[in-house]
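Per-entry structural report
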Amino acid sequence: QSASQAPIKERLAELDQYQASQAIRRHWDTEETYASHLIIPLRQLHLERNLLGDTIGKGNAAYIIIFSIAGLFVLLMASINYINLFVGHSLKRNVEVGIRKVAGAIPEQLVLQYLSESLLITLLAGALAVLLIQTASEPLFAVLHMNVSIDLLLDAQAWMMLVALLLVVSILAGSYVAFFLASVKPTLSLKNIVMLPSGRLVRRSLQVAQFAIAIGMVICTLVVYQQMDYLRHKNLGFTQKSVLVVDLPQDPKINKKLSKVTKAWKKHSEVKSVARGAKPGGAYMRGSVIQEVGGEQYDLPINALYVDEHYLDVLDINLVSGDTFQYCRSCRGDQYIVNEAFVEQMGWEDPVGQLIEYEGKGEIVGVVNDYHYQSLHNLIEPLILIYQPQQAQQLLVRVPPSAVADLASSWSATLPGLPFHHTFLNESIALQYQHEQKLLGVFSLFSLLTLCLAGMGLFGMTFLNIQHRTKEMGIRQVMGATQLGLMTYLSREIIMMALWAAVIALPLTYIFLQNWMQTFVYHTSISFLPFLGATGAMLLLTTATAWYHTQQITESNPVCSLRYE
């Protein structure tokens with residue numbers, strides 16, 4: 001709460017003013033530097049993004065919203081199916097309603113009957129849903145690589161939401177039919193000629209909405225897959241395969257022993273090179289360099305990494321101009337290698353040999369290409385590689401996975417008691433996009449569900465439609481209608497609904513995907529193929545459903561259809 005944060009902010013401000021800022025000024029030998037703390041509530045920390053030196057694997061508030069919307073869409077499609085089928089079956093009970101009215105039933109009793117039937121069905125569905133959540137959630141989250149624990153039975157808030165949801169769905173499904181049929185005259189009900197006002201339009205609208213959601217979910221899944229494929233295969237400007245990253249203990253006393261470890265590793269036949277430096281995609285330092293323009297000095301923001309002379313060789317980073325670092329035990333000044341973005345920011349034509357000041361004065365000895373030392377969510381910013389191996393907290397080794405065991409044995413022999421924390425660079429980089437990978441899994445699951453729900457709804461509505469037009473189909477058969485003619489007649493309305501759904505879904509989905517793509521500085525273009533494929537799949541589904549029902553009619557005896565009551 002803001003009230004409880006106030007004392008903490010005051011104490012931190014005093015700490016910044018009298019201790020942290022003064023210590024930093026003494027270290028940097030300047031009066032223009034200061035320190036400040038940012039307070040973030042613990043509940044928000046997991047979803048906070050773009051924090052310097054942040055950890056990998058945190059949550060993403062945007063994706064929570066996306067998953068919630070996708071879940072609501074699936075629920076909406078299931079509700080649409082339920083409402084359509086409930087309305088369709090209720091219209092077949094016109095005679096029953098008329099008889100009950102003649103027998104003395106009042107409208108309130110009929111309304112209560114329909115609403116209670118709807119509530120009973122939704123309660124059974126809710127009980128089944130709770131059972132599925134308790135039994136299937138754990139393996140489902142394991143497939144999606146999500147560490148989530150759900151115990152619905154002990155969550156009072158979840159029970160309240162579930163009960164409210166069941167009540168809303170049951171009332172929406174039952175009230176429309178209940179209140180109308182309860183008000184119809186018994187003579188019309190007994191003649192079975194009752195039709196809901198604008199009922200056909202309502203059912204069409206619900207079906208179009210269902211098709212639109214299914215088309216949108218399929219398109220999103222295909223585009224997310226294209227973006228993930230782009231991330232996996234984009235050239236990052238360095239080699240990430242077979243590069244082992246070893247985290248070093250933060251103890252300056254082990255530097256001498258580390259040299260023994262690296263020398264032993266270099267003698268291994270399968271080790272190509274060893275370097276000390278920060279891995280791409282990991283933590284980096286934020287600072288500034290001083291640039292003098294027109295007699296005035298400006299602080300330009302910069303990112304920096306500590307590396308040694310073998311860093312570029314291990315990662316196979318392209319040196320555009322100048323030379324790499326030279327081994328130096330006691331240099332008078334720092335050596336810097338900068339990227340092209342840094343050169344562009346400084347406005348230099350020939351950066352090699354230029355003197356700059358970061359932590360101390362030093363000379364630029366080389367320029368590398370703009371490689372992606374951050375994830376593809378970020379633009380490549382100006383970067384300085386500083387030759388200070390003793391400050392780097394990671395070892396990078398070009399070695400195949402089969403030789404890792406030998407390296408671990410050598411590490412344990414030289415540094416007994418210190419853990420050998422390691423991972424491969426390509427695995428570490430893949431973790432930067434685990435949210436997108438989970439998004440792909442969730443969208444794939446929801447797309448499958450929406451297609452199944454759309455198919456079930458389409459099948460049910462087509463079946464009910466044919467049931468209401470059984471005599472008409474029999475007459476058309478007797479009059480010489482062919483199977484192709486009947487299929488065209490029955491599928492015309494369904495295909496038009498699918499086309500209207502595409503007209504609605506395509507632009508809305510495109511806008512959503514365009515906004516999502518903006519979270520990546522580097523992303524693939526949105527092609528027309530996912531849109532064309534999703535629309536084609538929906539048209540194929542509608543045509544196949546119409547063909548199946550038409551075949552059932554044409555294979556039956558027209559006399560049976562004409563006798564249908």
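Look a little higher up for the structure.
Let's talk about the overall build of the chain
A count of helices and strands for the chain gives 18 helices and eleven strands. Looking at the chain as a whole, 41% of its 565 residues are labelled buried. Sequence-distant contacts, at least 24 apart, represent 78% of the contacts inside the chain between residues at least 6 apart. Carbon and sulfur atoms make up 61% of the accessible area of the chain, which amounts to about 31500 Å² in all.

Considering the sheet that holds strand β11 (residues 422–424)
Taken in spatial order, the four strands make up an open sheet running β2-β10-β1-β11, and their pairing is antiparallel. Each of the sheet's edge strands pairs with one partner strand only, and the pair in question is β2 (273–276) and β11. For this sheet, the mean inter-axis angle between neighbouring strands, taken without regard to orientation, is 20 degrees. Where helix α9 (residues 255–266) meets the sheet, its contacts fall on β1 (243–247), β2 and β10 (394–398), and the angle it forms with β2 comes to roughly 160 degrees. Running at roughly 25 degrees to β1, helix α12 (residues 404–414) makes contact with β1, β10 and β11 of the sheet.

Here we look at empty space enclosed by the protein
With the rule as written, the count across this model stands at one cavity of 30 Å³ or more. Within this model, the largest cavity holds a volume of roughly 40 Å³. Contributing to the lining of the largest cavity are Leu 236, Phe 238, Pro 280, Gly 281, His 372, Gln 374, Ser 375, Ile 429, Gln 432 and Tyr 433. Taken together, the residues that form the lining of the largest cavity break down as five nonpolar, five polar and no charged.

Side note on the packing of aromatic side chains
Enumeration over the complete set of coordinates arrives at ten aromatic pairs. An angle of 85 degrees between the planes, with centres 5.9 Å apart, marks the rings of Phe 238 and Tyr 371 as edge-to-face. Linking Phe 238 in the loop between α8 (199–233) and β1 with Tyr 371 in the loop between β8 (361–368) and β9 (383–387), this pair joins segments that are 133 residues apart in sequence. Looking at Phe 238, the relative accessible area reads 8%, which means it is buried. Note on Phe 325 and Tyr 387: the rings are 5.4 Å apart at their centroids and 40 degrees apart in plane angle, and the pair reads as tilted.

Rules and cut-offs
- Residues numbered from 1 in each chain as written.
- Predicted model: local features only at pLDDT ≥ 70, side-chain atom pairs only at ≥ 80, totals over all residues.
- Heavy atoms only, no water.
- Helix = DSSP H or I, 4+ residues; strand = E, 2+ residues; numbered from the N terminus.
- Buried < 20%, exposed > 50% of the residue type's maximum accessible area, 1.4 Å probe, protein only.
- Contact = heavy atoms within 4.5 Å.
- Areas by Shrake-Rupley, 256 points an atom, 1.4 Å probe, with all protein chains shown as cover.
- Pairing = 2+ DSSP bridges.
- Axes fitted to C-alpha atoms, helices over the stretch in contact; angles between N-to-C directions.
- 1 Å grid on protein atoms, 1.4 Å probe; cavity = no way out; pocket = protein on both sides within 12 Å on 5 of 7 lines; lining within 4 Å.
- Points joined across faces, edges and corners; volume = space filled by probe spheres on them.
- Nonpolar A, V, L, I, M, F, W, Y, C, P; charged D, E, K, R; others polar.
- Phe/Tyr/Trp six-rings, centres within 6.5 Å; stacked < 30°, edge-to-face > 60°.

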